[in-house]
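Spelled out from the first residue to the last, the chains are:
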Amino acid sequence: VLGAEKVATATSHEIHVPLENAVAAVDRILEIAKKNEGKGLFHTSPLGVRFIAASPHWLSMDYGRESCSIEIPMLVGTPSAYDMLDEIEEALYELDGRPHWGQHNILTHARARDFYPNFNRWLEYYKRFNQFGTFENKFTRRMRFPSVVHRTTDD
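This one's a predicted model, so the numbers in the text were calculated from it and none came from an experiment.

1. Section: the nonpolar core
Counting 18 residues, the largest nonpolar core has Ala 25, Ile 29, Ile 70, Ile 72, Ile 88 and Leu 92 as the members making the most contacts within it. Of all the secondary structure elements, the ones that give two or more residues to this core are β1 (10-18), α1 (22-38), β3 (67-75) and α2 (81-93). Per element, the largest residue contribution to this core is six residues, and it comes from α2. Ignoring any residue separated from it by four or fewer positions in sequence, one finds Ile 29 in contact with Leu 47, Ile 70, Ile 72, Ile 88 and Leu 92.

2. Looking at unusual backbone geometry
Of note in the backbone geometry, Asp 96 takes a positive phi value of approximately 65 degrees without being a glycine. Tracing the backbone shows Asp 96 in the loop between α2 and β4 (98-99). Unlike most non-glycine residues, Arg 144 shows phi in positive territory, near 60 degrees. By the element assignment, Arg 144 lies in the segment after α5 (138-142).

3. Here we look at the side chain of Ser 12
Along the chain, Ser 12 falls in strand β1. Residue classification places Ser 12 among the buried positions, given a relative accessible area of 10%. A polar atom in the side chain of Ser 12 sits 2.9 Å from the side chain of Glu 71. Reaching out from Ser 12, the side chain makes a polar contact with the side chain of Gln 103 at a distance of 2.6 Å. Setting aside anything within four residues of it in sequence, one finds Ser 12 in contact with Glu 71, Ile 72, Pro 73, Leu 85, Gln 103 and His 104.

4. Concerning the pattern of salt bridges
In the structure shown here, the tally under the stated rule is six salt bridges. In this structure, the salt-bridge partner of Glu 14 is Arg 50, at a minimum N-O distance of 2.8 Å. Placement of Glu 14 in strand β1 and of Arg 50 in strand β2 (residues 48-52) is noted, with a sequence separation of 36 residues between them. With relative accessibility at 44%, the residue Arg 50 sits in the partly exposed group. Among the salt bridges present, the one from Glu 37 reaches Lys 34, with a minimum N-O distance of 4.0 Å. With Glu 37 and Lys 34 both in helix α1 and three residues apart, the pair spans about one turn of that helix. When its relative accessible area of 58% is taken as the criterion, Lys 34 is described as exposed.

5. Notes on the packing of aromatic side chains
Counted by the stated rule, this structure contains ten aromatic pairs. Arranged with centres 5.9 Å apart and planes meeting at 85 degrees, the rings of Trp 101 and Phe 139 form a pair that is edge-to-face. One end of the pair, Trp 101, is in the loop between β4 and α3 (109-115); the other, Phe 139, is in helix α5, with 38 residues separating them in the sequence. You can call Trp 101 buried: its relative accessible area is 18%. What links up through ring pairs into an aromatic cluster is the set Tyr 93, Trp 101, Phe 115, Tyr 116, Phe 119, Trp 122, Tyr 126, Phe 139 and Phe 145.

6. Some words on the side chain of Asp 86
Relative to the assigned elements, Asp 86 resides in helix α2. Despite its burial, Asp 86 remains without a salt bridge, the nearest opposite charge being carried by Arg 142 at 8.3 Å. At 3.4 Å, the side chain of Asp 86 and the side chain of His 13 are in polar contact. Of the polar contacts made by the side chain of Asp 86, one reaches the side chain of His 104; its length is 3.0 Å. Setting aside its immediate chain neighbours within four residues, Asp 86 contacts His 13, His 104 and Ile 106.

Conventions we followed
Residues numbered from 1 in each chain as written. Predicted model: local features only at pLDDT ≥ 70, side-chain atom pairs only at ≥ 80, totals over all residues. Heavy atoms only, no water. Core = buried A, V, L, I, M, F, W, Y, C linked by side-chain atoms within 4.5 Å. Buried < 20%, exposed > 50% of the residue type's maximum accessible area, 1.4 Å probe, protein only. Helix = DSSP H or I, 4+ residues; strand = E, 2+ residues; numbered from the N terminus. Contact = heavy atoms within 4.5 Å. Polar contact = N/O pair within 3.5 Å; in protein donor to acceptor, adjacent residues only side chain to side chain. Salt bridge = Lys/Arg side-chain N within 4 Å of Asp/Glu carboxyl O. Phe/Tyr/Trp six-rings, centres within 6.5 Å; stacked < 30°, edge-to-face > 60°. Lys, Arg positive; Asp, Glu negative; His and termini not counted.

Read these as spatial facts, not as claims about activity.
Here you go:
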């Protein structure tokens, strides 16, 4: 929800690219937006661009590299918003983009393993500290993190 008066609801992707790919990533997003405009599809909010120092944390989007974070918000109800966001995410993968874990994304287990050199080591800690299923949810199941809980319904 945006604004003090909650006047608009939005969703977004946030992709972190290596700092040296920042200009190419923004240019690629603008190319995609222009192409979508020709189809009558429009981005309904400006991009947010931030620059971030490298992180030592294994699953940080900025792990091991200075990064540029590009947030692509869309007002809820924007026609084909998720299709446009997913197209941008796929395009930024080609520029070593890593999606924000907590926002809408199409990240897969295989891609996460490729993006994060210590992903398998992190999964070992996840298994160790998740023996009772405390950290399991729809996202961890989608990502195929090891599960100790067998549920018949989604949460």
